[in-house]
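Coordinates in review
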Amino acid sequence: MESYKCDHCGKEWTRENRRGQKPLYCGVPCRKRAHRARDRALIHAARAAGLDAPRVNVAGGR
Ligand SMILES: [Zn+2]
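Bear in mind that the values here come from a model prediction, so they are computed numbers and not experimental data.

On to the overall build of the protein, then. Helix and strand content of the protein: 1 helix and 2 strands. Secondary structure elements in the protein, listed N-terminal to C-terminal, are β-β-α. The 62 residues of the protein split such that 0% are buried. Taking all contacts inside the protein whose residues are at least 6 apart in sequence as the whole, residues at least 24 apart take part in 9%.

Here it is in structure tokens:
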């Protein structure tokens, strides 16, 4: 049994059988939101540095 904490919403949960890599997020929605937020942060940092925005898809949709 191992406990995890979601990197996005902070939700904690435990899992009996751990295989593969340790999950960072409690679910797919949190993972997607976290990645999107990270992409936004990258673009923001690039703009602040006077660079073109990196090519990442933050347009929403899918
Ligand atoms: Zn979460």
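Right, let's get into the pairing of strand β1 (residues 2–5). Here β1 runs beside strand β2 (residues 12–15); their pairing, made up of 4 bridges, is antiparallel. When the bridges of β2 are listed, Glu 2 appears paired with Arg 15. The loop that links β1 with its antiparallel partner β2 comprises 6 residues; one of these, Gly 10, has a positive phi angle of about 85°.

Within the secondary structure, Tyr 4 is located in strand β1. Residues in contact with Tyr 4, not counting those within four places in the same chain, are Glu 12, Trp 13, Arg 15, Lys 22 and Pro 23.

Conventions we followed
- Residues numbered from 1 in each chain as written.
- Predicted model: local features only at pLDDT ≥ 70, side-chain atom pairs only at ≥ 80, totals over all residues.
- Helix = DSSP H or I, 4+ residues; strand = E, 2+ residues; numbered from the N terminus.
- Buried ≥ 20, exposed ≤ 12 C-beta atoms within 10 Å, placed from the backbone.
- Contact = placed C-beta atoms within 7 Å.
- Pairing = 2+ DSSP bridges.

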